[in-house]
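Each chain, letter by letter, is given below.
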Amino acid sequence: MTPAELAAALKSKDDKQRAAGIDSAAQSGPAAIKAVCPLLGDPETETIRAAKRALYKVVHDAGKPGDAAKARAVEKEFVAVLQTSSSIPERREVLWMLSEIGGDDSVKPVAALLANADLREDARCVLQRIPGKASLKALNDALKTVPEEFKYHVAESLRKRGEKVSGYPSRRLVPTKHTSVQPVA
Amino acid sequence: MGEPVPPTNRRTFLKSAGTALAAGATLGLPQIIPSNVLAAAGKPGANDRLVIGHIGVGGMGGGHLGYTLARQNRGDVKVVAVCDADEKRLANAAKQAKGATPYRDYRYLIERKDIDAVIIATPDHWHAVQTVHAADCGKHVYVEKPACCTIEEGKAMVAAGQRNQVAIQVGSQGRSQRECYKANLYIANGMIGKVRKVTCWHYETPADNKPLPDSEPPPELDWDLWLGPMRWRPYNARYLHGVFRWVMESGGGQIRDRGAHVMSNALWIMNADHTGPVSIQGTGVLPTKGLWDSALTMDVTYEFKNPDWTLVWSQPGEPVPYFDREKVKNLGIREQYGAVYHGDKDKLVVWVGDGQVFTEMKAVDFKKPAGGVDVHQSPSFDHHEDWFQGIKTGRKTVMNIEAGVATAFLTVLGNLSVVLGRKLQWDPVKQEIVGDEQARRMMSRPQRYPYCL
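Definitions and limits used
Residues numbered from 1 in each chain as written. Chains lettered and ligands numbered in written order. Predicted model: local features only at pLDDT ≥ 70, side-chain atom pairs only at ≥ 80, totals over all residues. Helix = DSSP H or I, 4+ residues; strand = E, 2+ residues; numbered from the N terminus. Contact = placed C-beta atoms within 7 Å. Buried ≥ 20, exposed ≤ 12 C-beta atoms within 10 Å, placed from the backbone. Pairing = 2+ DSSP bridges. Axes fitted to C-alpha atoms, helices over the stretch in contact; angles between N-to-C directions. Core = buried A, V, L, I, M, F, W, Y, C linked by C-beta atoms within 7 Å. Expected span 1.5 Å × (residues − 1). Bend = angle between axes of the 7 residues up to and from the residue. Domains from an automatic or database assignment. Nonpolar A, V, L, I, M, F, W, Y, C, P; charged D, E, K, R; others polar. Parallel < 35°, antiparallel > 145°, perpendicular 65-115°, else oblique. Left-handed = near helix turned anticlockwise from the far one by under 90°.

K.L.:
Before we go on, may I ask you to explain the overall build of chain A in this structure?
P.N.:
A count of helices and strands for chain A gives 10 helices and zero strands. Its C-alpha atoms put chain A at 55 × 55 × 30 Å along the principal axes. When contacts within chain A are restricted to residue pairs at least 6 apart in sequence, those whose partners lie at least 24 apart make up 60%.

K.L.:
What is the right way to look at the overall build of chain B in this model?
P.N.:
Scanning chain B from terminus to terminus reveals 15 helices and 15 strands. The buried share of chain B, taken over its 453 residues, is 49%. Long-range pairs, those at least 24 residues apart, make up 70% of the contacts in chain B between residues at least 6 apart in sequence.

K.L.:
Can you help me understand the sheet that holds strand S15 (residues 432-434) of chain B in this one?
P.N.:
The strands making up a sheet are joined through hydrogen bonds of the backbone, oriented either antiparallel or parallel. All names here are of chain B. In space, the nine strands of this open sheet follow the order S13-S12-S11-S7-S10-S9-S8-S14-S15, with mixed pairing throughout. Two strands lie at the open edges of the sheet, namely strand S13 (357-359) and S15, each paired on one side alone. The mean inter-strand angle of the sheet, taken between neighbouring strand axes irrespective of direction, is 20 degrees. Pairing between strand S8 (residues 279-285) and strand S14 (residues 424-427): two bridges, direction antiparallel. Paired with Ser-279 across the two strands is Gln-425, which belongs to S14. Along the sheet, helix H10 (residues 259-269) makes contact with strand S7 (195-201), strand S10 (309-315), strand S11 (338-343) and strand S12 (347-352), crossing S11 at roughly 25 degrees.

K.L.:
Teacher, can you tell me more about the pairing of strand S9 (residues 297-304) of chain B here?
P.N.:
Consecutive side chains of a regular strand alternate in pointing toward one face of the sheet and then the other. Residues and elements named next belong to chain B. Both S8 and S9 contribute to a ladder of seven bridges, which runs antiparallel. Bridging across to S9, Gly-282 finds its partner in Val-300. In this sheet, S10 lies alongside S9 in antiparallel orientation, the contact comprising seven bridges. Counted as the bridge partner of Phe-304 is Trp-309 from S10.

K.L.:
Sorry, what's going on with the nonpolar core here?
P.N.:
Considering soluble globular proteins, one finds that nonpolar side chains tend to be buried as a cluster. All names here are of chain B. Judged by nonpolar contacts, the single largest core of 115 residues is most densely connected at Val-82, Val-118, Val-141, Met-157, Met-263, Ala-266 and Val-405. With 13 residues, the single largest contributor to this core is helix H14 (residues 401-420). If we skip the residues at most four places from it in the chain, Met-157 touches Ala-128, Thr-131, Val-132, Ala-147, Cys-148, Ile-401 and Val-405.

K.L.:
Help me out: how do you make sense of the sheet that holds strand S2 (residues 77-83) of chain B in this one?
P.N.:
All names here are of chain B. Spatially, S3-S2-S1-S4-S5-S6 is the arrangement adopted by the six strands of the open sheet, whose pairing is parallel. At either end of the open sheet lies a strand with only one pairing partner, and these are strand S3 (101-103) and strand S6 (168-170). Strand-to-strand, the axes of this sheet are offset by a mean angle of 20 degrees, without reference to chain direction. Relative to S6, strand S5 (residues 140-143) runs parallel, the two sharing three bridges. Note that in S6 the partner of Val-143 across the bridge is Val-170. Running at roughly 165 degrees to S5, helix H5 (residues 124-136) makes contact with strand S1 (50-55), strand S4 (117-120), S5 and S6 of the sheet.

K.L.:
I'm lost on helix H2 (residues 15-28) of chain A in this one. Help?
P.N.:
In an α-helix there are 3.6 residues to a turn, and that puts residues three or four apart on one side. All names here are of chain A. Between its first and last C-alpha, H2 extends 20 Å over 14 residues, near the 20 Å set by a 1.5 Å rise per residue. The sharpest bend along H2 reaches about 30 degrees and sits at Ile-22. All of the buried residues along H2 are Arg-18, Gly-21, Ile-22, Ala-25 and Ser-28. If you follow the buried residues of H2, they end up packed against helix H1 (3-11), helix H3 (31-36) and helix H4 (45-62). Of the residues trailing H2, Gly-29 is marked for its positive phi of about 65 degrees.

K.L.:
Sorry, what's going on with the domain arrangement of chain A here?
P.N.:
By a widely used convention, the size of an interface equals the accessible area lost when the partners come together. Residues and elements named next belong to chain A. Partitioning chain A into domains gives domain 1 (1-87) and domain 2 (103-163). Once you take the C-alpha centre of each, domain 1 and domain 2 turn out to be 26 Å apart. Taken together, the four residues of domain 1 in the interface contact four residues of domain 2. Tallied by class, the residues present in the side of domain 1 that touches domain 2 amount to two nonpolar, one polar and one charged.

K.L.:
I'm lost on unusual backbone geometry in this one. Help?
P.N.:
Trans is the common state for peptide bonds, and a negative phi is the common state for residues other than glycine. Residue and element names in this part refer to chain B. Geometrically, the link from Lys-145 to Pro-146 is a cis peptide bond, its omega value of -10 degrees lying close to zero. By the secondary structure assignment, Pro-146 is in the loop between S5 and helix H6 (151-164). Going from Leu-240 to His-241, the amide bond is cis rather than trans, its omega being -15 degrees. Of note, His-241 is situated in the loop between helix H8 (223-227) and helix H9 (254-257). Of note, the phi angle at Gln-165 is positive, near 50 degrees, even though the residue is not glycine. At Val-352, a position not held by glycine, the phi torsion is positive, near 60 degrees. Relative to the helices and strands, Val-352 resides in strand S12. Owing to 25 C-beta atoms within 10 Å, Val-352 belongs among the buried residues under this scheme.

K.L.:
I'm lost on the packing of H1 of chain A against H2 of chain A in this one. Help?
P.N.:
Geometrically, a packed helix pair is captured by the angle between its two axes and the distance between the axes. All names here are of chain A. One way to put it is that H1 packs onto H2 with a least axis distance of 8 Å and a crossing angle of 150 degrees. Taken as axis vectors, H1 and H2 run roughly antiparallel relative to one another. The way H1 lies across H2 gives a crossing that is left-handed. In contact with Pro-3, Leu-6, Ala-9 and Leu-10 of H1, H2 contributes Gln-17, Arg-18, Ala-20, Gly-21, Ser-24, Ala-25 and Ser-28. Class assignment for the residues of the contact of H1 with H2 results in six nonpolar, four polar and one charged.

K.L.:
Help me understand helix H8 (residues 120-129) of chain A in this model?
P.N.:
Within H8 of chain A, nine of the 10 residues are buried, which leaves the element mostly enclosed by the surrounding structure. Residues of H8 of chain A that are buried: Glu-121, Asp-122, Ala-123, Arg-124, Cys-125, Val-126, Leu-127, Gln-128 and Arg-129 of chain A. Buried positions along H8 of chain A lie against helix H6 (88-101), helix H7 (104-112), helix H9 (133-145) and helix H10 (151-160) of chain A together with helix H15 (437-441) of chain B.

Pasting the structure below:
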């Protein structure tokens, strides 16, 4: 399938056509990304799901050991989507796909989303997951720039990455949510 | 409270209480002890009674609550707290557990110093975080299976159990059943020879054939808390309840739901709790529609070394019907899953594998010879009682956290191999994937703050 044919199959109302698109996505490779990513913001739920399934096929195929060039090509396409799209759902999915395949080239565009209130928590998680010094530096830099309340989140990621962080202690055990249910005598 | 409270478990509590009583006696202070604290013949005193909190009280959690309330009536436990993110379920539990304090947020429950132990029966994506937090607060833990959703979570659970010296029992209760014990005893005593292969069969994971669009969560549900460590997404009715099992992030399909029983028994019978496979080869069919994304059908082959043996999970596999049809009917035996143990002299079939376990009569009738090998036998063939004994005596429970995590790792790795579409190499000593950068990343999944390990 060409990228356009793949996108059309994924957008189809027919279950079989969507399934055929998902099954063929890996063969389309990096070229599919630009055409399929906009479907992640489609109003039709099954189209979104089909697009997500297809794109993960691309990610997992490109992540096979021994084909670094393919992985970098996929990363490049996703980074381009991240930098041009304005859709929150689309960028949220792309962020998590980059968490599985992204490297140093993803770090700057992902870190830029720490300034986006809707996407910063996803971006933090993705930086935590991408290995290497660049993502670690981005998290350390973020600790100086993100809003005060979000610094606790970034500090948690840094600790997960083995960093010592002064201040912003973990609040994972701080209870916050009350029930309206009363005990029964 | 910014950090975990210092561990206080029953052992340390009793020790400090004893010291305080002795000090009081020395000083000649009056000691007023409520009568209900003192034990009477046939009725344990309050100091022998485990004080329990329940986290997750629907589905399996409701079953656990029924069990502990029955034990409470016999005077050997006290249920003081119930917790759920669903207010309807919570209200129902509060009605059953009269006097227990209801909580929406489990963190209020585990910070209570009067609670010795918690029973966690939340969806899978909560198991690790809640177990680690509870253990760090000094609580003994019974946690539903499968233990963890990722390799990182499993390692954190084992570490938390070890550093806090608490008893953790994972809810793969097959090991505590009489006929599983008999099957283990039979094989451990060489009755079918050396076992080189175990083949498991199970029916398929259901497909989401009635998909629904996202919507507002029902008023009784705290959706943010239900999601917990998972990344945020809009509510969809196909996530819960019960059906969380068919979503990869919160469940993972039949290999995890029932594999956590059938393969738990296999690791136990093969004496392989402290080992792991060296390779995992999975193939399967992933759904192309709906919310649920766990493999519908799958076959996974795990190769173990030193000793060499193979474990196969087939979904569906070749069913082995139970031969006693009258018994099947009378006992409601679910023969759609189980495992065959292939020895070099004979084979043995173990049907079902959870709260129901059946094996062949040759194993049921087997008597251990003098000097023969013995295996762990849960007291009264009761999985909860095995946990209580572990708490009281400090001995390892039958489905301790190391064993629970070893089983969960099989299910996690099987799913990962299917999703990635390739064979994985595993270092069972370091407990990590080898030679596959992408798969290595997927050994962990960053968690949403503040619901982190």
